[in-house]
Amino acid sequence: MSADHRESNNTGAIMLTRAPASEMGPEAILEDFVRYFSRTLGRRAIHKASPFVYEALVYAVRDRLMDRWIQSTVAVERSYQRRVHYLSLEFLMGRLLKNALLNLDVEDKSEAALQNFGVDLASVFESEHDAGLGNGGLGRLAACFLDSCATLSLPVIGYGIRYEYGMFRQRIDDGHQIEEPDPWLRAGFPWEIERYELAQTVTFGGRKEVYADEHGNEQTRWVDTRPVLAVPFDVPIPGYRNGIVNTLRLWSAKATDEFNLHEFNAGSYTQAVAAKNDAENITMVLYPNDASESGKGLRLRQQYFLASASLQDSLRQWTERHGDHFEHFAAKNCYQLNDTHPAIAVPELMRLLVDEHGLDWDDAWVITRRVMAYTNHTLLPEALECWSVEMMSQMLPRIMEIVYEINAGFLAEVEQCWPGDLERVGRMSLIQEGDHPVVRMAYLAIVGSFSVNGVAELHSRLLREGLFRDFAELWPEKFNNKTNGVTQRRWLAACNPALSGLVTDRIGDAWVTDLERLRELEPLADDADFQQRWRTAKLAGKRRLAALVESRTGIALHADMLFDVQVKRIHEYKRQLLNCLHAIHLYDRIKRGEAADSPPRAIIVGGKAAPGYFMAKNIIKFINETARVINADPDTEGRLRLVFVPDYNVSTMEVICPAADLSAQISTAGKEASGTGNMKFMMNGAVTIGTFDGANIEIREAVGDENFFLFGLTVEEIEVLRQSYDPEGIIRGDPGLLRVMERLEHGDFNCVEAGIMEAILHAIKNPHDPWMTAADFRSFVDTQRRAELAYLDLPRWTRMSILNTAASGRFSTDRTMRDYNREIWQLDPVEL
Ligand code: 26Q
């Protein structure tokens, strides 16, 4: 090994500063691949269906990341630069191989290497299991952020949980959603590296004991605590062709040896084993975002486990260098909290600084408030996290004590600002009093941080004016907006070879790291030859989706149909119900012989319902029953299809988004924080039919009103109408909606199961329907009509499609990360 690969440190160890570099040529990749396949994995038969082909290729690719990974890590350590720790309970990574090959620029070489065995790379990609460590938008956003930070050379480390079971897999059985576990680690996860030597201990429970220290001073300590070991598994995050590899560090829970021994010595072997299970259960399963799951103790344990392990890990790195001197800590560290899920990091950092590192409360509080930053992802008041004081006191007594102390100091600040305003003090308290007092985690996050951001302009404004109004009045400077984005490396370059190939052919490939360059497509929007190629590329995407739909549902779609797509988690506020009512309306038109001038249309819906969300599961059943009737009616042949795509996930979206013509973003105004699927569709040339909500507004601004189908009430109109909302009156006054309701009541789409149709009908007719589905029906139907007429005019539609892609530059997470960096993080790029 050459001398520049090593150096000694003060422990006498020889430190590797770089791993031996692996060659990037096809021959070298081939050689490594074969060696891993035969010598490491011990397999002989190389064929298309072998899972070991995937595994051996990952090892060969990982070797090629390793050198850069070490160098990137060393560069950050050496330069002593400021870093960001992105704390998130979810990282919805999906598959990693294709993106790693793209970012390393070795896709063609790997393809060539495998060709020697008659194995095509595409089938190897398909054999990779999704890393489904997230529910939806929030989790996928974290994954896109990591890709962009690595590409921008920003020193950001992701901290998350290595769940044994990711997001459940969805099966549709007789129209119902059935959840199945996702044992994604069963065949191993070849990207990760276990770093047992960096394990941390996280402690739960315990009680306070007062004792006298060596000077006779009264001190407190915590005894009878239950320790759990947090073992990190590192996943490499390569930047796009820039030599940077960042880290995603996922924590896994293991019972500690002391713990077991303690129980064992007390004579209870079975209790010791049960306790081991208890500890290791912490990272067993990802919670599906679920109203019925809120308040569950295991979820709080997950949150604390992540927060404590991650903070300890970063404090370990600090004290290794600086000892217990924290003067410059806040200048060099920032923790971005992905929603309130990891917000318990606020009191935990206080505990670590005060109890473990001997700082004064006031010094520790100054530091904490300078390092924490909080991102909010929801406007639904019922979705704001609260934890019962009783549970927190039991599970984390010292943390609860610290929350009380933070609250006391904070309420004194409020009192000083608004003397005598007791109502305000009650409103703003971190503790909501009552029979069952709870800790309001969002307030804790706001009080304990220097930055609070929403994820789209409208959302951030509504946070300031509504949900967090009191706090925005107190600290206007804390509140800011960071509009979401998506990474174009995955969501255009990798998932849509036809369209991205065409784009690169015309304007070069600079858009891959500078998405605003897509604007250069604008002059081509009316170019007949380019339009023809554009349509051909879109058709390729549509054929691919048609094949996927046929294989999963047996339903055949034609690529010339208008692909009208709504995929996202199933939730009432997202109004999949409204979409289904429109499908029934179109069916009704066909049955009445009124639809002769409509283009053939495929309405494609997909998404998972939280297992305990009764109404969301009803909606899935309702869509499937409606689809069954529509698709079986010979009158709809070649004209209308309604499909529910089972098991919507990241890799399914990679097939869906290139195929969409129309992107349905139809949430009740003021309810969707941002949306990010809307951006993936736009980037791939879909036109949006959308409400005045979330990032739809910014999408419309970017592309222009003539290339966007806006419909529905605004936030203000919704709030006014709510006072006098009369859905039955609306139904009576709208012959189209009336016919749809009559068909439903008449049992045309009868769900045999009792209660489902009743629940659907009641939801629509309820004057207190929070989502006001009936209110937007007419506007939605009329706007859908405008959209289908536009689709019939091929040059016009193609122009709109091109202009949507061309205007999508703003919605790259590269831009989002630059915004975070400029206004919150202030990081310097890593220099190798
Ligand atoms: C709550 C309680 C118990 C267990 C889990 C949860 C839980 C889990 C996940 C609550 C919420 C989530 C996820 C929320 C989410 O994905 N929000 C979406 O975030 C996107 C990224 O900012 C936005 O674009 C979407 O508008 C927003 O809905």
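Check the entry above for the structure.
Residues numbered from 1 in each chain as written. Predicted model: local features only at pLDDT ≥ 70, side-chain atom pairs only at ≥ 80, totals over all residues. Heavy atoms only, no water.

1. Describing the site of the ligand
By nearness alone, 18 residues border the ligand, and L138, H377, N484, E672 and G675 come closest of all. Contacts to the ligand include A673, whose backbone N or O atom sits 3.4 Å from an oxygen atom. Note that an oxygen atom of the ligand is positioned 3.0 Å from one of the backbone N or O atoms of S674. Taken by itself the ligand offers 610 Å² of open surface, and the protein chains cover 88% of this. At 3 residues, the largest contribution of residues to the shell around the ligand is made by helix α6 (residues 137-151). Of the residues in the shell around the ligand, the class split is 6 nonpolar, 9 polar and 3 charged. (Near = heavy atom within 4 Å. Polar contact = N/O pair within 3.5 Å; in protein donor to acceptor, adjacent residues only side chain to side chain. Areas by Shrake-Rupley, 256 points an atom, 1.4 Å probe, with all protein chains shown as cover. Helix = DSSP H or I, 4+ residues; strand = E, 2+ residues; numbered from the N terminus. Nonpolar A, V, L, I, M, F, W, Y, C, P; charged D, E, K, R; others polar.)

2. A closer look at the sheet that holds strand β22 (residues 640-645)
With parallel pairing, the 6 strands of this open sheet are ordered in space as β22-β21-β20-β23-β24-β25. Since the sheet does not close on itself, it has two edges, and those belong to β22 and β25 (709-710), each with one partner. For strand β21 (residues 601-606) and β22, the ladder comprises 6 bridges, and the chain directions are parallel. From the neighbouring strand, R601 faces β22, where its bridge partner is L640. Against the sheet, helix α23 (residues 614-632) makes contact with β21 and β22, and its axis sits at roughly 145° relative to β22, the strand it touches most. Lying on the sheet, helix α32 (residues 794-806) is in contact with β23 (662-665), β24 (687-690) and β25; it crosses β24 at an angle near 90°. (Pairing = 2+ DSSP bridges. Contact = heavy atoms within 4.5 Å. Axes fitted to C-alpha atoms, helices over the stretch in contact; angles between N-to-C directions.)

3. Section: the environment of E522
Here E522 shows up in the loop between α20 (497-507) and α21 (528-553). Separated by 41 residues in the primary sequence, E522 and F563 place their C-alpha atoms 23 Å from one another. Once residues lying within four places of it in the same chain are set aside, the contact partners of E522 are L803 and A806. In terms of polar contacts, E522 uses its side chain to reach the side chain of R519, at 2.5 Å.

4. Concerning the pairing of strand β8 (residues 176-180)
As paired elements, strand β7 (residues 169-173) and β8 share 5 bridges and run antiparallel to each other. Pairing of I172 across the sheet is with Q177, part of β8. The hairpin turn running from β7 into β8, its antiparallel successor, is 2 residues long, and D174 in that turn takes a positive phi close to 50°.

5. Thoughts on the sheet that holds strand β17 (residues 438-440)
With antiparallel pairing, 3 strands are arranged side by side in an open sheet as β15-β17-β16. The open sheet has two edge strands with one neighbour each: β15 (386-388) and β16 (431-432). Where β16 lies against β17, 2 bridges are found, and the strand directions are antiparallel. When the bridges of β17 are listed, I431 appears paired with V439.

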